[in-house]
Amino acid sequence: MPFDFIGLANVVCSGLLTGAVYGLLALGLSVIFGVARVVNFAHGEITALAMYAAAILFASLGVDPFVAVAPLAAGFFIFGYLLHGAVIHRFVDRPEHAQFILLLAIAIVITNGLLIAFGPDARAVSLDYLLESVEVGPLLIDRGKLYAAAAALSAAAALFLFFRFTATGTAIRACADNLQGARIVGLDVKHLYALAFGLGAASASVAGCMLAVLAELTPGSGPAYTLLAFVIVIVGGLGSMTGALIGGALIGVAEALAGFYAAPSAKSMFSFALLIVVLLFRPRGLLGGKP
Amino acid sequence: MKRRQFHRAILGAGAVVLAPFNIVRAQSRKLKVGVLLPKSGLQGVIGQSCQKGADLAPAVLKERLGVEIELMNADTETNVDTARTRAERLIEEGAHCLVGPFDSGAAAAIAQVAEQRGVPFIVNIAAAPQITEQGYQYVFRNFPIAPELATNGLSLIKDLFHATGAAPRTAVFMHVNDTFGQANAKAIAAILPRLDLPFRLVETISYDPAAKDLAVEVAKAKSTKADFLLLVSRLNDAIVLRREIFKQRWNIMGIISPGSPGMYENQFFRTLGKLSDGCISNVPWFDPKSPLTKAVDAVFRKQNPKDQLRFHALNVGFTFEAVLVAGDAFKRARSTSAEALAEALRRTDIKERMMIGGPIKFNAKGQVEGNLSACIQNQGQKPLVALPAASAEVKPIFPWSEYKKT
């Protein structure tokens with residue numbers, strides 16, 4: 001069979017666009033760990049909750065998920081802030097296995113809550129423009145993926161700007177860099193940690209809105225997204241926001257290429273193979289800081 | 001002893017003597033059928049569809065056979081281990097026989113339990129051949145095995161091309177990568193060369209049944225430049241695939257399933273709307289002209305006033321027939337004991353049935369031979385019989401309207 005350049009280009013493009021959304025998903029996890037020092041094992045479930053929120057707003061009020069992004073992000077920020085303040089903060093200084101059990105329990109509560117509320121049947125957000133493709137030369141770009149990637153990159157850029165150019169963002173980074181120093185200068189660490197967790201949840205919710213237009217929703221979707229986020233964060237570098245985005249793109253393209261040239265049913269295998277290679281030769285991840 | 005006392009004594013003794021027979025008759029009066037179906041999880045929608053077939057069976061069988069059926073429903077949650085556990089629980093709770101479970105993996109697990117516990121198990125829908133190849137004495141299946149499905153389904157493709165005058169040369173085969181999909185893939189690989197069909201398979205692509213995004217898979221299939229897509233799928237992935245085919249502007253002659261669920265399911269139509277039209281599934285189907293089908297349809301409409309039987313034809317048909325087989329055996333056995341039921345099942349010979357095919361009669365392995373398929377094409381957002389001509393509701397259309405020759 002002659003080499004299909006156009007097919008390859010389309011597949012790489014699709015992988016990059018999907019990878020942008022995955023990168024935002026992982027970015028939230030990276031922010032939470034990088035600042036609050038909490039490994040959020042409920043990250044995928046929070047994302048799934050956001051997917052359902054977007055789908056319900058669409059089904060009941062006709063709100064396009066791209067429009068629902070802003071109010072849902074605000075809502076999930078508050079949810080994440082309160083969750084950290086009320087529950088997770090108490091476990092920050094406890095052993096890691098206690099944090100793991102707590103967040104696993106939260107994940108199970110969310111998943112089963114979704115199952116009780118919405119039942120097991122898969123749902124989808126059906127919008128006419130999601131069936132359209134945009135032609136750019138020989139490339140045929142999925143319009144839904146294009147919009148989702150644009151929204152994800154916009155959200156990531158907003159997060160970058162917040163951490164870089166605002167006083168609060170600088171304070172959060174200070175906590176991440178030097179906790180003791182932050183306490184000494186009088187920063188309210190508990191509040192800043194909760195803010196970081198809220199921002200991570202908001203990121204997950206934006207990713208969730210995007211995933212709601214790209215994939216079907218089931219209550220059991222959460223664990224797969226948690227695992228995906230972890231793979232990306234580890235590949236990109238735990239605590240590195242840029243690393244999370246690059247990791248997302250790498251995983252998206254790796255899966256696409258593996259599926260196109262090898263066995264589509266074994267796409268995930270290649271993501272995990274990449275993870276193993278990174279862990280063997282660069283355990284801190286591509287852009288992670290030295291331990 | 002006075003006469004009155006003597007009469008009372010005789011009556012009392014008679015009651016004591018006859019009571020066991022009353023108990024036996026009370027035991028025989030109702031058959032408890034354990035119904036195992038995936039009502040949640042990946043196959044939840046299809047399992048719920050099958051449940052409608054079970055739910056209407058007691059009313060139909062009471063009228064036509066005069067038997068009382070009590071259903072004991074259990075959810076296998078699309079999980080093999082759960083299916084095994086639920087089967088055991090149903091038996092503990094007194095099920096006289098088991099029916100289900102729409103999934104080959106779960107059917108294999110339940111078959112083991114049924115055989116170990118000596119309780120008859122009638123498989124409604126599951127195509128993996130090995131289920132009735134284990135030498136089991138208590139397992140029965142009224143559904144074609146994968147090679148039969150493939151043979152019937154592929155043969156109908158030839159009939160379809162003959163009826164429409166189409167002449168595609170190549171096909172790409174995509175299949176879901178689970179027990180069912182792999183069984184079908186093996187069967188197709190073995191049978192296709194023997195059938196002298198006018199096309200060849202240029203590529204075989206398997207995919208994860210739980211995959212949320214099949215863009216890469218469709219891109220790979222599109223790159224083969226095949227004339228049409230041969231597809232073995234489940235429901236959710238069929239929806240995702242159809243959308244992706246449209247988005248990638250893959251203008252093939254059509255999509256043909258040689259025997260798999262998905263493209264004739266209600267949710268396929270509800271989710272895709274006009275995009276659902278044109279898709280073809282060569283699957284076992286009800287005979288719209290059968291009196292039993294009409295009787296079932298009447299009860300279906302009463303129990304599901306907002307639904308239509310044709311959107312559940314295969315699921316309801318075979319699930320109903322599984323309970324019919326159980327009820328028929330119960331009627332002949334006049335007992336709910338496992339041995340009597342199993343013996344009666346082995347002698348089953350039901351000629352008046354709902355699904356297209358020969359009589360329901362089990363061979364030595366507990367398998368019904370002679371179930372046939374129909375060519376079902378989606379037209380007007382409904383699954384309609386296009387072939388065989390004798391049962392046809394519409395004329396088949398192939399290639400479909402989206403096709404553009406490149």
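It should be noted that the structure appears before, not after, this text.
Here goes a summary of the coordinates provided. (Residues numbered from 1 in each chain as written. Chains lettered and ligands numbered in written order. Predicted model: local features only at pLDDT ≥ 70, side-chain atom pairs only at ≥ 80, totals over all residues.)

As a further point, take the overall build of chain B. Helix and strand counts for chain B stand at 12 helices and 12 strands. Each principal axis of the C-alpha distribution contributes one length, and for chain B these read about 105 × 35 × 35 Å. Relative to its full complement of 406 residues, chain B shows a buried share of 56%. In chain B, the share of contacts with a sequence separation of at least 24, taken over all contacts with a separation of at least 6, comes to 72%. (Helix = DSSP H or I, 4+ residues; strand = E, 2+ residues; numbered from the N terminus. Buried ≥ 20, exposed ≤ 12 C-beta atoms within 10 Å, placed from the backbone. Contact = placed C-beta atoms within 7 Å.)

Quick look at the sheet that holds strand 7 (residues 200-207) of chain B now. Strand pairing within a sheet occurs via backbone hydrogen bonds; the two strands may be parallel or antiparallel. Residues and elements named next belong to chain B. With mixed pairing, the 7 strands of this open sheet are ordered in space as 7-6-8-9-10-11-12. Edge strands, defined here as strands with exactly one partner in the open sheet, are strand 7 and strand 12 (382-387). The average angle at which neighbouring strand axes cross in this sheet is 25 degrees, direction not considered. Relative to strand 10 (residues 280-283), strand 9 (residues 255-257) is paired through 2 bridges, and the arrangement is parallel. Along strand 10, the bridge assignment pairs Ile256 with Ile280. (Pairing = 2+ DSSP bridges. Axes fitted to C-alpha atoms, helices over the stretch in contact; angles between N-to-C directions.)

Turning to unusual backbone geometry, a few remarks are in order. All names here are of chain B. Note that the residue after Gly100, namely Pro101, is joined by a cis bond; omega there is -15 degrees. Tracing the chain through its elements places Pro101 in the loop between strand 3 (97-100) and helix 4 (104-117). Following Leu387, the chain continues to Pro388 via a peptide bond in cis, the omega torsion being 0 degrees. Among the structural elements, Pro388 can be located in the segment after strand 12. Phi is positive for Arg249, which is not a glycine, with a value near 50 degrees. If you trace the backbone, Arg249 turns up in the loop between helix 8 (235-247) and strand 9.

Residues and elements named next belong to chain B. One open sheet accounts for 5 strands, arranged 2-1-3-4-5; its pairing is parallel. Each of the sheet's edge strands pairs with one partner strand only, and the pair in question is strand 2 (68-75) and strand 5 (139-141). Neighbour to neighbour, the strand axes of the sheet diverge by 25 degrees on average, direction disregarded. Summarising the sheet, strand 1 (residues 30-37) and strand 2 pair through 8 bridges and their orientation is parallel. By the bridge assignment, Leu36 is partnered in strand 2 with Ala74. Sheet contacts for helix 2 (residues 44-64): strand 1, strand 2 and strand 3; angle to strand 2, the most-contacted strand, approximately 165 degrees.

This part is about the environment of Leu16 of chain A. All names here are of chain A. Of note, Leu16 is situated in helix 1 (residues 5-36). Expressed as a C-alpha distance, the spacing of Leu16 and Ile251, which sit 235 residues apart in the sequence, is 8.8 Å. Ignoring any residue separated from it by four or fewer positions in sequence, one finds Leu16 in contact with Ala249, Gly252 and Val253.

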